[in-house]
Amino acid sequence: MGVSILNSKNKPALQTIAIGLFFLVALITWTLWQFHFNYMIALYDSFFHTQRIYEIRLAFQQHTLPNWVNFNTFFNTGQAVNGMYPDITLWPFVFITNFLTPIHQIIAIKSLIALATFVVSFLSLNKRFDSRNAILAATIFTLSGSVLKDLTNEMQTGTAIVMIFAFPLLFTLKDIIESKNFDLVLIIKTSLLMAIVINSHLLSAVAITMIAGIFLIVTTVIKRNYWAWINLTLAALLTIALCLPMIYRIIKISKTGLLSPFGKGTVLSDSLFTLFKTTSWSAKSTISEVAIILIVITLIGLKKDKLPKLLPWLAVELVLIIFCTNIIPWKLLAKLPIIDSFQVANWRFALFLGMIPLILVLINFSQKTTRIIFLIIATLSFILAFRNTYNFQYYHTQNLPVVSRYSTETISQNATVKLTSSGINSDKLTRTLIPDYAPNSAPLEKGSNGGSLDSQTSYLILNHLATTKKRDIKLTHTSTAHSLTLRATNVPKGKITLPVFGYRTLNYHITVNGQKTKATINPSGFITINQKKQLKHAIYRIEQQPPTSYKALLWMSTVLLIGLIGILIINF
């Protein structure tokens, strides 16, 4: 009798563990399957993010912090990609996978992010709902929508890391917007979560703030709840303190004057019809099929007594959907700072559309009914996730070029390739020849809407050519995390312009054949050296180190982070 009762009590926990283990085994199997190819199917932004990771990887291997300028990647131009694009939350993932080959590391990071999303989503939902339903919901969330897209298709690590904390963000922001008194724990939770978002993807932080701001104003008008403003203000101050290293480097680099992002000043958006018409199971820029299914199930089985609890969540989903479409006057909002860099509205908001439908089902139905619904959809999620990755792996592999260090053919910007470890940093990948974060004096191609550097500049970068008054000179290069060494022969006297961007607000140490020399920045944004004599063999070394104050801010924010986490543990 005692054993029977014990087994009955343990049954929910055992079922929860079984589902979790099944997910873990499936993810490990997928990872090992991807490993055995020794390449990754890469397209669009995947090239951008693999090179960001590669730059961080090399820095850690050299026992140093990642640099602000990219000497090892993006055609060795010293472009400030890693300085301007938030990457601090990516560091732990790179650090713990640095023993792997470069391409296996990328695959492992994608898997670790998916696993972290699954675990964090479960833990967050488990605090509010039945554990079995919570783990099924976490399974569905991870194997659909933007999370599945980042795992199996195009990789965008910034937004992928944001989605790890999607549910904690949702619940914490709801709690702090509805807070009725001073709440230190809530303030700290909010600051930590928003710091993670800002240190991962800036525009996601802006999108989240816009949605949260609407509900803060509405709640204040209805409930006259001013404590929420106080708590949020204090959370914002803590968030700023936690993000100071990134804020500092962005301000420091931006003072140089940078090119505007691609499409700045124009925010495109789809109609409501298009948003639902272009759906798929792994949709990231539209609403996913699973979200639509869950919403329909909720509306069909809607219980009137649950309506008061459902309405706030339905309102959030509706606002997110509206912000994805042209119902919002994006042409007008595109004139505002920061929002003018949104490019496409649904890129910023649609990735969050898969969360609320899960909560609607959890609230509306009984635990047993919810479990049946989720079990069916979770099973379907495993099947469709496998179909998605299988089709992507084999459908795209037909006649695709393999990119390695031995590749000789130039890869067009919108091409899909089999990317190997030695091909991550290939000079044949024109997708990473981008104007993003280059000095604003760098010339752009006319009619490209800021998407391409002009043909002459691109030619010099692609071919690693220095320019002199007499002729172009071929360069060879070696690099470290903080330096770039260029070698040339038979260099004439006078000015030589290197295909390396210079930022006037950053400090450089430049030498020619070991002798320190002064340099200027030419009208195209390239570093230029004036040689007083002809050189048969020339070695140009450009070194750039982040300011000491940056390291001090990193230490300060780390100590603050540990302190805040400590307070949460004490108050747990």
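Up top is the structure.
About the thresholds
Residues numbered from 1 in each chain as written. Predicted model: local features only at pLDDT ≥ 70, side-chain atom pairs only at ≥ 80, totals over all residues. Heavy atoms only, no water. Patch = residues over 30% accessible without salt bridge, like charges linked within 9 Å, V, L, I, M, F, W, Y side chains within 5 Å. Areas by Shrake-Rupley, 256 points an atom, 1.4 Å probe, with all protein chains shown as cover. Salt bridge = Lys/Arg side-chain N within 4 Å of Asp/Glu carboxyl O. Helix = DSSP H or I, 4+ residues; strand = E, 2+ residues; numbered from the N terminus. Buried < 20%, exposed > 50% of the residue type's maximum accessible area, 1.4 Å probe, protein only. Phe/Tyr/Trp six-rings, centres within 6.5 Å; stacked < 30°, edge-to-face > 60°. Pairing = 2+ DSSP bridges. Contact = heavy atoms within 4.5 Å. Axes fitted to C-alpha atoms, helices over the stretch in contact; angles between N-to-C directions. Parallel < 35°, antiparallel > 145°, perpendicular 65-115°, else oblique. Left-handed = near helix turned anticlockwise from the far one by under 90°. Nonpolar A, V, L, I, M, F, W, Y, C, P; charged D, E, K, R; others polar.

Student: Any chance you could explain a nonpolar patch on the surface here in plain terms?
Tutor: A cluster of nonpolar residues, Phe182, Leu184, Trp227, Ile230, Leu234, Leu237 and Ile240, forms a patch on the protein surface that exposes about 630 Å² of accessible area. The element contributing the most residues to the nonpolar patch is helix 12 (residues 227-242), with 5 residues. On the basis of relative accessible area, Trp227 is assigned to the partly exposed category, the value being 37%.

Student: It is not clear to me how the packing of aromatic side chains should be interpreted in this structure. Could you clarify?
Tutor: Each pair of aromatic rings is reported with the distance of its centres and the angle of its planes. Counted by the stated rule, this structure contains 23 aromatic pairs. An angle of 65° between the planes, with centres 4.9 Å apart, marks the rings of Phe141 and Phe167 as edge-to-face. Taken together, the positions of Phe141 in helix 6 (residues 131-142) and Phe167 in helix 9 (residues 166-177) put the pair 26 residues apart, joining distant regions of the chain. On the basis of relative accessible area, Phe167 is assigned to the buried category, the value being 0%. Ring-pair connections join several aromatic residues into one group, and the members of that group are Trp33, Phe37, Tyr39, Phe386, Tyr390 and Tyr394.

Student: It is not clear to me how the sheet that holds strand 2 (residues 402-403) should be interpreted in this structure. Could you clarify?
Tutor: In sheet architecture, strand pairing relies on hydrogen bonds along the backbone and comes in two forms, parallel and antiparallel. Ordered by their spatial adjacency, 3 strands build an open sheet running 1-3-2, and the pairing between neighbours is mixed. With one partner strand each, in any of the chains shown, strand 1 (40-42) and strand 2 form the two edges of the open sheet. Across 2 bridges, the pairing between strand 2 and strand 3 (residues 417-419) is parallel. The residue bridging Val402 from the neighbouring strand is Lys418, located in strand 3.

Student: Is there a simple way to explain unusual backbone geometry in this structure?
Tutor: You will see that His63, though not glycine, has its phi angle at about 60°, which is positive. Within the secondary structure layout, His63 lies in the loop between helix 2 (46-61) and helix 3 (81-84). Of the residues examined, His63 reaches a relative accessible area of 77% and is grouped as exposed.

Student: Would you take a moment to explain the environment of Asn181 for this structure?
Tutor: Topologically, Asn181 is positioned in the loop between helix 9 and helix 10 (184-198). Asn181 sits in the partly exposed class, given a relative accessible area of 45%. Considered as a pair, Asn181 and Ala134 are 47 residues apart in the sequence and their alpha carbons are 29 Å apart. With residues near it in sequence (within four places) discarded, Asn181 still touches Trp227 and Asn231.

Student: Would you mind going over the pairing of strand 4 (residues 465-468) with me for this structure?
Tutor: The side chains of a regular strand alternate, residue by residue, between the two faces of the sheet. A two-sided burial pattern is seen for strand 4, the buried positions comprising Leu465 and Thr467 on one face and Ala466 and Thr468 on the other. Note that strand 4 and strand 5 (residues 472-474) share 3 bridges and pair antiparallel. Each residue of the ladder has a partner; that of Leu465, found in strand 5, is Lys474. Turn length for the strand 4-strand 5 hairpin, with the two strands adjacent in sequence and antiparallel, is 3 residues.

Student: Looking at this structure, I do not really get the sheet that holds strand 12 (residues 526-531). What am I missing?
Tutor: Taken in spatial order, the 5 strands line up as 5-4-8-12-11 in an open sheet, and their pairing is antiparallel. Where the open sheet ends on each side, the last strands, each with one partner, are strand 5 and strand 11 (519-521). Between one strand axis and the next, the sheet turns through 30° on average, direction left out of account.

Student: What is the right way to read helix 7 (residues 145-152) from this model?
Tutor: Judged by how many residues are buried, helix 7 sits mostly within the fold: 7 of 8 residues are covered. Restricting attention to buried positions, one finds in helix 7 the residues Gly145, Ser146, Val147, Leu148, Asp150, Leu151 and Thr152.

Student: Would you mind showing me how to read the packing of helix 10 against helix 12 here?
Tutor: The packing of two helices is summarised by the inter-axis angle and the distance between the axes. Contact geometry for helix 10 and helix 12: axes closest at 8 Å, N-to-C directions at 45°. Regarding the angle of helix 10 to helix 12, the classification is oblique. In terms of crossing hand, the pair formed by helix 10 and helix 12 is right-handed. Of the residues in helix 12, those touching helix 10 at Ile187, Ile188, Thr190, Ser191, Leu192, Met194, Ala195 and Ile198 are Asn231, Leu232, Leu234, Ala235, Leu238, Thr239 and Leu242. Among the residues making up the contact of helix 10 with helix 12, the classes are represented as 11 nonpolar, 4 polar and no charged.

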